[in-house]
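# Overview (structure and organization)
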Amino acid sequence: MPLPLDAVIANIIPLLPLRDPTTMTPQSARDSLRALADARAAVPPPPVDVASNIEVQGAGGKLAARLYRNGRGSAPTVIFFHGGGWVAGDLETHDRQARNLVIETGAVVISVDYRRPPETRFPGAFEDAFAAVRDVVGRISEFGGDLSRVGVAGDSAGGNLAATAALACRDAGIALAGQLLVYPVTDVVGNFADPAENAKFPSRAENAEGYFLSRAVMEWFCGHYLANPALGTDWRVSPLRATSLKGAAPAVVTTAWFDPLRDEGHAYARALQAAGVPVTYHTGDGLIHGYFGLGDASAAARAGAQRARADFKVLLEKGV
């Protein structure tokens, strides 16, 4: 039997933003996520040797990015994409996640601030993510310096971008050592509003509301990212709908038990495995969507995130 909801997280849920799609606007979503990050300003962030603002090449021009690293010399390189439903989230809201990734994997991490909807709709974020990976790979001597140990990572919508960028890398002949997909969005057909599509993933009903991320908020996010719901069948936003996953990079996939996205994340892990891709999967028992950002408060969240990052470190160290 799955674990009950972590007691600490249960007390945090009422304090979390992005829970009312009837009043939320893109700007209010961005402001609320930034305010959540700012509220922790008195708590020193996990220390790294370098955290410097840089630029990487996106599909439509230069993108703001931040480079994190510890030490010098050759190291794995990870391109990281923040969550926030494609609409919200930025370098600041996911600064601590990027730092923990450096500390626990030993990698150089480049966090990318891709263009967001509704100003830039699909496939803008995907195109930026793939362009950023290509740029970092092309300039690898400026970063970790080892082409055999490059990976992608992201949480939620960022996990979606990491998964789709990994498929694009496969098609382009760019070998990745691994992909870390943290409670990723993998199938947006129906924009989370179609009963028949939702029925394929029981977690969309079981966790429709009450656990921070709701199905209604996912519908709101999809409505801003996709100009036309029919675009949801495109693998560049629904990687679970890709014709083939064969040859994709080895993956660590983690979901959260109390998350409407749980079952599609699990389905993607199974689909990768069926295609012959090595996968390590974590169920996230007792946890909610967003738990990688709750490690300062919840020991269960911290331990879950650490397990996933440890598995990702193994992939990065092994290389291609």
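In short, a report on the structure.

About the thresholds
- Residues numbered from 1 in each chain as written.
- Predicted model: local features only at pLDDT ≥ 70, side-chain atom pairs only at ≥ 80, totals over all residues.
- Heavy atoms only, no water.
- Pairing = 2+ DSSP bridges.
- Helix = DSSP H or I, 4+ residues; strand = E, 2+ residues; numbered from the N terminus.
- Axes fitted to C-alpha atoms, helices over the stretch in contact; angles between N-to-C directions.
- Contact = heavy atoms within 4.5 Å.
- Expected span 1.5 Å × (residues − 1).
- Phe/Tyr/Trp six-rings, centres within 6.5 Å; stacked < 30°, edge-to-face > 60°.
- Buried < 20%, exposed > 50% of the residue type's maximum accessible area, 1.4 Å probe, protein only.
- Lys NZ or Arg CZ within 6 Å of the ring centre and 35° of its normal.
- Salt bridge = Lys/Arg side-chain N within 4 Å of Asp/Glu carboxyl O.
- 1 Å grid on protein atoms, 1.4 Å probe; cavity = no way out; pocket = protein on both sides within 12 Å on 5 of 7 lines; lining within 4 Å.
- Points joined across faces, edges and corners; volume = space filled by probe spheres on them.
- Nonpolar A, V, L, I, M, F, W, Y, C, P; charged D, E, K, R; others polar.

Another aspect to go through is the sheet that holds strand S5 (residues 145-155). As summarised here, the arrangement of the eight strands in space is S1-S2-S4-S3-S5-S6-S7-S8, forming an open sheet in which the pairing is mixed. Both outer strands of the open sheet, strand S1 (50-57) and strand S8 (279-282), are each paired with one neighbouring strand and no more. Taking the axes of each pair of neighbouring strands and ignoring which way they run, one obtains an average angle of 20 degrees across the sheet. Its contacts with the sheet place helix H4 (residues 124-138) against S1, strand S2 (62-69), strand S3 (75-81), strand S4 (108-112) and S5, and it is angled at close to 110 degrees to S1. Across the sheet, helix H9 (residues 262-274) is in contact with strand S6 (178-182), strand S7 (251-254) and S8; its angle to S8 comes to roughly 160 degrees.

Take helix H10 (residues 299-318) next. Taking 1.5 Å per residue, 20 residues should reach 28 Å; H10 reaches 29 Å between its end C-alpha atoms and fits that length. Among the residues trailing H10, Gly 319 stands out with phi positive, at a value near 70 degrees.

With that settled, consider the packing of aromatic side chains. Taken as a whole and assessed by the stated rule, the structure comprises nine aromatic pairs. Between Phe 122 and Tyr 225, the ring centres sit 5.5 Å apart and the planes meet at 80 degrees, which makes this aromatic pair edge-to-face. Taken together, the positions of Phe 122 in the loop between S4 and H4 and Tyr 225 in helix H8 (residues 215-225) put the pair 103 residues apart, joining distant regions of the chain. Assigned by exposure class, Phe 122 and Tyr 225 land together as buried. Between Trp 220 and Phe 221 the ring centres are 5.5 Å apart and the planes differ by 70 degrees, which places this aromatic pair in the edge-to-face class. Of the residues examined, Trp 220 reaches a relative accessible area of 11% and is grouped as buried. Here the aromatic cluster, defined as three or more aromatic residues joined through ring pairs, consists of Trp 86, Phe 122 and Tyr 225. The ring of Phe 192 has Arg 204 sitting right over it, with the charged end atom 3.8 Å from the ring centre.

Now for the environment of Ala 274. Relative to the assigned elements, Ala 274 resides in helix H9. For Ala 274, a relative accessible area of 72% gives the class exposed. Taking the C-alpha atoms as reference points, Ala 274 and Lys 246, separated by 28 residues in sequence, lie 8.6 Å from one another.

Right, let's talk about the pattern of salt bridges for a bit. Under the counting rule described, the total for this entry stands at 20 salt bridges. With a closest N to O distance of 2.7 Å, Asp 135 and Arg 139 form a salt bridge. Its relative accessible area of 15% is what places Asp 135 among the buried residues. Here Arg 241 ties to Asp 187 by a salt bridge, and the two come within 3.0 Å at their closest N and O atoms. Placement of the pair is Arg 241 in the loop between H8 and S7 and Asp 187 in the loop between S6 and helix H6 (195-198), with a sequence separation of 54 residues. A relative accessible area of 31% places Arg 241 in the partly exposed class. When salt bridges with common partners are traced through the structure, they connect Arg 66, Glu 92, Asp 95 and Arg 99 into a single cluster.

Tallied over the entire structure, the rule returns one cavity of 30 Å³ or more. Each pocket or cavity is described by its volume, and for the largest cavity that value is around 60 Å³. Lining the largest cavity are Phe 80, Gln 97, Leu 101, Ala 153, Gly 154, Leu 180, Val 182, Phe 292 and Arg 309. Looking at the lining of the largest cavity, the elements with two or more residues in it are helix H3 (95-105), S5 and S6. Looking at the lining of the largest cavity residue by residue, the classes come out as six nonpolar, two polar and one charged.

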